[in-house]
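# Breakdown of the fold
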Amino acid sequence: MPEKVNPEDLRRVIEDQLKLSRRLKERLAAAEARAHAPVAVVGMAMRLPGGVDSPRAYRDFLYADDPDFRALSPLPEDRPSLRAVYHPERGTAGHSYVDRAGFLDDIASFDASFFGISQREAEIMDPQQRLLLEVSWEALERAGIAARRQDRLPVGVFIGVMASEYGQRFVSDGDYSRIDPYHSTGSGHCFLAGRVSYALGLSGPALGVDTACSSSLVAIHQAVRALRGGECRYALAGGANLILGSDLMVALCQGEALSPGGRSRTFLADADGYGRGEGVGVVALMRLDDAVAQGHPVHAVIRGTAVNHDGASSGFTVPSGPAQQEVIRAALTDARTEPSAVGYVEAHGTGTALGDPIEVGALDAVVGTGSGQRAEPVALGSVKARIGHLEAAAGIAGLMKLVVVLGEESVPAAVQRGDGRLNSLIPWDQIAIDVPRRAASWPAPTGTRVAGISAFGLSGTNAHVVLASPAAEAGERAVPEAGHPELLTLSAKDPQALAELTERVRTALAGLDRAGVAALAHTLRAGRVHFGHRLAVVGTDARELAAALGTERRGTSAPAVDRVTLGVSGSDEVLERALAVLARRFPRLAAAAQGSAAPAGRLGGVLAALGVRASAAPAGEAGTGPAAYLKAAGETLPLVTDDPEATPRLLAAALAALYHGGADLRLTQLAAPGAQFTEAPTYPFQRKRFWADEPEPGRATAEIPLPAAQAQQAPRDPAEISGYLATELAAVLKADGLLPPATPFCEVGGDSFTAMLLTKSVEQRYGVELPTLDCPVEMPVGDLLAYLGDQVSAAMGWEK
């Protein structure tokens, strides 16, 4: 007989199985949610044709009601190879028939010293790398993400790139004498993303993506996947494209892919090929829940992305309608969004008689008539008609346009006045797609606008991204009390940049209310990297802060405050009242200001939370002055008096003094109630021209003779050796003058290549062989030269 089952045991087994089933379902739901987690666009920066260098400038450009407001220009004077291959007749072998494109105004200027790059390396570096460094920095600043190099933030970098033509000018007719160690790192595709991660100290994945014209939108896809998969906490994604060489231009013209007029006439009856364009753009991304929790600005939300390939289509470079439908449907599925919800699509829209009908047909089949539930037609546009086809950067240019448009209540005109009829091969009267000829209203009946963007690479790789406007904030945000003291901090790497930034911030303060001032001050304190040249002021409103910025003249670089002491002479009752006021004024400091510890200990906790490492002052120092104070660099900074309401301003003033003194403060928790990151002036780069001219055809570069060893003429006195080495290092780096001895080697552009070049030069001068110069790049220049001088003396057998 089988053993009788105990009902109680059976009940427990069933309950355990039900609990396990619930846990598995919860884990599955959580995994599914992570796989489709929305991603926020929290910042963006760009350099686009037409002088577009900020989101606001892009918005003004897109909505300008001017039929001639296009960003096309003739071939620049500094592109001689492009000018040399131009011939107006189509079909001329070895020539290009295009003499207009969407060129950037200035690609040669760069703030090399800001990024710790020597003039020697900057001159050889592809301008795409230089521009990407600047826009990546600006995108992070606009997002309120302070990327301190030493922090190794988990930021992934994903950059679309298709061509790197600048390096070709260093080789002419088989002459390689202009090649130096920086040529490879200055030209390779992989170094665009790697350069950004290295210069900014980022630890996430760094990938270059090359799928031709879909490169930067595929980079967005990769960034979203990395954020959802936990590979990084933040991401920079975008692309770069410059037109610097003649090879690709001639090849595209020989295939008649380009429009003779240099403009993409997207969706028009006279579409005759695409017009090329230059540009660099980057967006800063975070998982939406993280961005909201940390108070970063959410300009748009990426709901879904997808990538596929045409496969066995009718031709390697011929677009495939079925593949385009597949990638759009896949992106909508990833976004968990119905096709009928899409109100606008930024098309790939190159402006070709073959490509435009295929793309419009695919869109209509998915989000147009194919959606089956559409009340209004989908608005369609393509920024290529205004700035040209940016090839590897086309996707990011279109995506940034969508971010701008999603924040508006209308879509910009896609076809301008005087553009003529639409493409007759597209049955416009039978499809649910509209190409607006003027800015058109875009209502949001459900409170959210949804848009899509496509990019199709000549390689056959397709990408589609679905975006939405951010959800409206629930309820009212807290506003600081009247009279709330704000600490406003500014810094730069040199005095001129600090002066320019100060004026920009004074302008930005004009007209701000209390909430606006709190957000701006919080952004400049917690969303910026702090450099050696500093300025800090305290005020309770925009007018007081602007006036203080106009009179404050401090800003010289100073060594960090090395010793801070906290003195307490007041009673516990006085300190308790002061701590209560601090907790009210600065809610994020409340945990440090309250608790069971003695009031003096909690005051020390408040300071520690702000990065102030203060030791207790000796008991004998307590006097009849403030109830609590800081002493630093011989200066007494009051913190607490008999008036508890004065404590917040006293604390802000003390922090301002420490900030001036170079203290490494962490000021995130000094935010006023409701303060979040906001738009604030970005760093004013101090640019210089770095440009290598293209060699004239048929003219070889003169050989550079190597200097003969001159040991008998080389300096021997230690002081003379030091002076010689300092001069030689400046020459190797192509610096304007001698380098500051206390500055770390890496901050003047020093690296292993520089060390090798310097060592070889010294060896030739002294006629000796020196050990490999193996030293930390953080070593000050003066220490490095002293070390090398000792090696020279030892190799020559000279006594010190």
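Whatever comes next refers back to the structure up there.
About the thresholds
- Residues numbered from 1 in each chain as written.
- Predicted model: local features only at pLDDT ≥ 70, side-chain atom pairs only at ≥ 80, totals over all residues.
- Heavy atoms only, no water.
- Helix = DSSP H or I, 4+ residues; strand = E, 2+ residues; numbered from the N terminus.
- Expected span 1.5 Å × (residues − 1).
- Buried < 20%, exposed > 50% of the residue type's maximum accessible area, 1.4 Å probe, protein only.
- Arc of directions from axis to C-beta.
- Contact = heavy atoms within 4.5 Å.
- Polar contact = N/O pair within 3.5 Å; in protein donor to acceptor, adjacent residues only side chain to side chain.
- Phe/Tyr/Trp six-rings, centres within 6.5 Å; stacked < 30°, edge-to-face > 60°.
- Lys NZ or Arg CZ within 6 Å of the ring centre and 35° of its normal.
- Pairing = 2+ DSSP bridges.
- Axes fitted to C-alpha atoms, helices over the stretch in contact; angles between N-to-C directions.
- Salt bridge = Lys/Arg side-chain N within 4 Å of Asp/Glu carboxyl O.
- Core = buried A, V, L, I, M, F, W, Y, C linked by side-chain atoms within 4.5 Å.

What follows deals with helix H15 (residues 495-509). Residues that lie three or four places apart on an α-helix share one face, since the helix turns once every 3.6 residues. In this model H15 runs 21 Å from its N-terminal to its C-terminal C-alpha over 15 residues, within 8% of the 21 Å that 1.5 Å per residue would give. Residues of H15 that are buried: Ala-497, Leu-498, Leu-501, Thr-502, Val-505 and Leu-509. Buried residues of H15 fall within an arc of 140 degrees about the axis and therefore sit on the same side. Where H15 is buried, its residues touch strand E17 (486-492), helix H16 (514-526), strand E18 (533-539) and helix H17 (542-551). Of the residues flanking the start of H15, the one acting as N-cap is Asp-494, its side-chain oxygen 3.1 Å from the backbone nitrogen of Gln-496.

Here we take up the packing of aromatic side chains. Under the criterion given, the structure shown has 17 aromatic pairs. A ring pair is formed by Tyr-683 and Phe-685, whose centres lie 5.6 Å apart and whose planes are at 50 degrees; its orientation type is tilted. Given the relative accessible area of 7%, Phe-685 is considered buried. Over the ring of Phe-61 we find Arg-386, and its NZ or CZ is 4.4 Å from the ring centre. Taking the ring centre of Phe-114 as reference, the NZ or CZ of Lys-493 above it sits at 4.8 Å.

Attention shifts here to the sheet that holds strand E8 (residues 279-287). What the 11 strands build is an open sheet, ordered E6-E5-E7-E8-E1-E9-E16-E15-E10-E11-E13; its pairing is mixed. Since the sheet does not close on itself, it has two edges, and those belong to strand E6 (206-209) and strand E13 (433-434), each with one partner. Two strands pair when backbone bridges link them, and strand E7 (residues 234-241) and E8 are joined in this way by eight bridges, in the antiparallel orientation. What sits directly across from Ala-237, in E8, is Val-283. Taken strand by strand, helix H5 (residues 127-143) contacts strand E1 (39-47), strand E5 (155-160), E7 and E8, and its axis lies near 135 degrees from that of E1.

Applying the stated rule across the entire model yields 35 salt bridges. With a closest N to O distance of 3.1 Å, Arg-47 and Glu-134 form a salt bridge. Placement of the pair is Arg-47 in strand E1 and Glu-134 in helix H5, with a sequence separation of 87 residues. The class for Arg-47 is buried, based on a relative accessible area of 12%. Assessed through its relative accessible area of 2%, Glu-134 is described here as buried. The partner of Asp-334 in a salt bridge is Arg-228, and the shortest N-O contact between them spans 2.9 Å. One end of the pair, Asp-334, is in helix H11 (residues 321-335); the other, Arg-228, is in helix H8 (residues 215-228), with 106 residues separating them in the sequence. Summarising the burial analysis for this pair, Asp-334 and Arg-228 share the class buried. One salt-bridge network, in which partners are shared between bridges, spans Arg-47, Glu-134, Glu-138, Arg-142, Glu-679 and Arg-687.

Generally speaking, a soluble globular protein has its nonpolar side chains buried in company with each other. Counting 75 residues, the largest nonpolar core has Phe-115 and Leu-236 as the members making the most contacts within it. Per element, the largest residue contribution to this core is eight residues, and it comes from H5. Tyr-58, Ala-71, Phe-158 and Trp-442 belong to the second-largest nonpolar core, a separate cluster that totals 52 residues.

Read these as spatial facts, not as claims about activity.
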